[in-house]
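Take a look at the letters that make up each chain.
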Amino acid sequence: IILVLMAIFLLMGMLIDPAAIIMMTAPIVIPLVETLNIDPLWFGVMLVVNMCAGNVSPPMGLNLYIVKGLYDDIPMKDLFKSAWSFVLIDVAVILILMVFPSLATWLPSLMTG
């Protein structure tokens with residue numbers, strides 16, 4: 001279920017703003033996560049990493065348009081090509097966090113007494 005959710009979030013992140021995705025899906029996904037006894041903190045970290053991948057992935061990657069605005073001499077086609085390496089790294093991070101969930105919750109767990 002988590003793999004399917006992450007794939008859906010990644011696809012949505014390619015097309016829609018992250019804040020809009022969270023507002024649209026939270027009422028459906030949060031109860032599902034709680035029902036499946038999945039750590040909401042871990043899921044939130046996974047969601048944030050997924051939204052980061054969406055911000056740099058074509059065709060909607062908002063960060064790519066910001067870079068294009070800063071560096072007018074770089075063709076958009078080159079930005080889209082180079083962004084895929086970052087998307088693959090983000091997907092690898094998501095998979096690592098799925099295999100080792102304590103990596104996502106270690107630092108926040110230090111804040112609780």
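These figures come from a predicted structure and were not determined experimentally.

K.L.:
Whenever I open this one, helix H2 (residues 18–35) confuses me. Can you help?
P.N.:
Since the α-helix turns once every 3.6 residues, residues separated by three or four places project in the same direction. With 18 residues, H2 should cover 26 Å at 1.5 Å per step; its first-to-last C-alpha distance of 24 Å lies within 8% of that length. Within H2, the full set of buried residues consists of Pro-18, Ile-21, Thr-25, Val-29 and Val-33. Summarising the contacts, the buried residues of H2 are in contact with helix H1 (2–13) and helix H3 (40–56).

K.L.:
It is not clear to me how unusual backbone geometry should be interpreted in this structure. Could you clarify?
P.N.:
Leaving glycine aside, a negative phi is the common case for residues, and trans is the common case for peptide bonds. Cis geometry is adopted by the peptide bond preceding Pro-59, which originates at Pro-58 and carries an omega value of 5 degrees. Among the secondary structure elements, Pro-59 is positioned in the loop between H3 and helix H4 (62–70). Of note, Asn-37 is a non-glycine position whose phi angle comes to about 55 degrees, a positive value. Take Asn-37: it is sitting in the loop between H2 and H3.

K.L.:
Sorry, what's going on with the side chain of Asn-50 here?
P.N.:
Assignment of secondary structure puts Asn-50 in helix H3. Assessed through its relative accessible area of 0%, Asn-50 is described here as buried. Excluding its chain neighbours within four sequence positions, the residues that come into contact with Asn-50 are Met-6, Phe-9, Leu-10 and Ile-94.

K.L.:
Sorry if this is basic, but what is going on with the side chain of Asp-90 here?
P.N.:
Residue position: Asp-90 is located in helix H5 (residues 76–99). One buried charged residue, Asp-90, remains without a salt bridge, the closest side chain of opposite sign being Lys-81 at 20 Å. The contact partners of Asp-90, leaving out residues within four places of it in the chain, are Val-49, Cys-52, Ala-53 and Val-56.

K.L.:
I would appreciate a short explanation of the nonpolar core in the present structure.
P.N.:
Across soluble globular proteins, nonpolar side chains show a tendency to be buried alongside one another. By size, the foremost hydrophobic cluster in this structure holds 18 residues, and its most contacted members are Ile-2, Met-6, Phe-9, Trp-42 and Phe-43. Among the secondary structure elements, those contributing two or more residues to this core are H1, H2, H3 and H5. Of the residues forming this core, the biggest block, six residues, is contributed by H3. Dropping the residues within four chain positions of it, Trp-42 is found in contact with Ile-2, Leu-97, Met-98, Pro-101, Ala-104 and Thr-105.

K.L.:
Please explain the confidence of the model for the chain as it appears in this structure.
P.N.:
Predicted coordinates in regions of low pLDDT should not be interpreted in detail. Confidence in the prediction for the chain averages 89 pLDDT; 98% of positions are at 70 or higher. Mean pLDDT across the elements of the chain bottoms out in helix H6 (residues 102–109) (86) and peaks in H2 (93).

Calculation criteria
Within each chain, residue numbers correspond to sequence positions counted from 1 in written order. Only residues with pLDDT of 70 or above have their local features reported here, since the model is predicted, and side-chain atom pairs are shown and tallied only from 80 upward, although totals for entire chains, interfaces and linings are computed over all residues. To obtain the side-chain values, all non-hydrogen atoms of the structure were included, while hydrogens and water were left out. Labels follow the DSSP assignment, with helices taken as runs of H or I lasting at least four residues and strands as runs of E lasting at least two, numbered in each case from the N terminus. How far a helix is expected to stretch is found by multiplying one less than its residue total by 1.5 Å. Here the term buried applies to any residue with accessible area under 20% of the maximum for its type, exposed to any over 50%, and partly exposed to those in between, with areas from a 1.4 Å probe on protein chains only. Residues are treated as being in contact if the distance between any of their heavy atoms lies within 4.5 Å. The charge count includes Lys and Arg as positive and Asp and Glu as negative, but it does not include His or the ends of the chains. Only one rule defines a salt bridge in this text: a Lys or Arg side-chain nitrogen within 4 Å of an Asp or Glu carboxyl oxygen. Only buried residues count toward a nonpolar core, which is a set of Ala, Val, Leu, Ile, Met, Phe, Trp, Tyr and Cys residues joined through side-chain atoms within 4.5 Å. Known as pLDDT, the predictor's confidence for each residue is given on a scale from 0 to 100.

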